[in-house]
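Now for the letters of each chain:
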Amino acid sequence: MNLPGLRKYIQNHVCDDPKRQSPGWDAVIELYFDNWPVMEAAWASPQGAASDADLALFADLTRTTWSAVEEIIVVE
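Every residue gets a number counted from 1 within its own chain, in the order that chain's sequence is written. Local features in a predicted model are, by the rule used here, given only for residues with pLDDT of at least 70; side-chain atom pairs are given and counted only at 80 or more, and totals for whole chains, interfaces and linings are based on all residues. To get the side-chain values, take all heavy atoms of the structure and skip hydrogens and water.

A. Fine view of the confidence of the model for the protein chain. A score from 0 to 100, pLDDT tells how confident the predictor is in each residue. Of the residues in the protein chain, 99% have a pLDDT of 70 or more, and the chain-wide mean is 90. A run of H or I in DSSP counts as a helix once it spans at least four residues, and a run of E counts as a strand once it spans at least two, with each numbered from the N terminus. Per-element confidence in the protein chain is highest for helix H1 (residues 36–44), whose mean pLDDT is 95, and lowest for helix H2 (residues 46–54), whose mean pLDDT is 88.

B. Representation of a nonpolar patch on the surface within the structure. Taken together, Val14, Trp25 and Val28 make up a surface patch of nonpolar side chains, about 240 Å² in accessible area. Exposed residues in this analysis have more than 50% of their type's maximum accessible area, buried residues have under 20%, and partly exposed residues fall in between, with area computed by a 1.4 Å probe over protein chains only. Val28 gets classed as partly exposed once you look at its relative accessible area, which sits at 38%. Patches in this entry comprise residues that are over 30% relatively accessible and not in a salt bridge; like charges within 9 Å are linked, as are nonpolar side chains (Val, Leu, Ile, Met, Phe, Trp, Tyr) within 5 Å. Here, Shrake-Rupley sampling with a 1.4 Å probe gives the accessible areas, and only protein chains in the shown set may cover a residue. Salt bridges are identified by distance alone: a Lys or Arg side-chain nitrogen within 4 Å of an Asp or Glu carboxyl oxygen.

C. Seen up close, the pattern of salt bridges. Inspection of the entire model under this criterion finds 4 salt bridges. The residue Asp26 makes a salt bridge to Arg63 at a minimum N-O spacing of 3.9 Å. With Asp26 in the loop between strand S1 (8–13) and strand S2 (27–32) and Arg63 in the segment after H2, this residue pair connects regions lying 37 residues apart in the sequence. Since its relative accessible area comes to 48%, Arg63 is described here as partly exposed. One salt bridge connects Arg63 with Asp60, and the closest N-O pair in it is separated by 3.3 Å. Judged by relative accessible area, which is 39%, Asp60 ranks as partly exposed.

Given below as structure tokens:
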């Protein structure tokens with residue numbers, strides 16, 4: 001991924017677990033930026049536009065949601 005200002009990119013894939021029901025999605029993706037303005041600039045960049053244009057090639061957009069979050073580390 002070539003977004004300007006992107007500091008960290010994590011893919012969290014669902015594992016088969018016979019003790020738990022499937023959550024109904026395949027993965028949670030985490031993108032880390034230093035702050036909100038840096039994140040917005042990344043999506044407004046040509047790389048951000050290209051990323052959005054390709055999204056439907058690998059994500060089911062009918063089941064995809066987005067949210068910006070504030071990370072609070074409780075134990076590290």
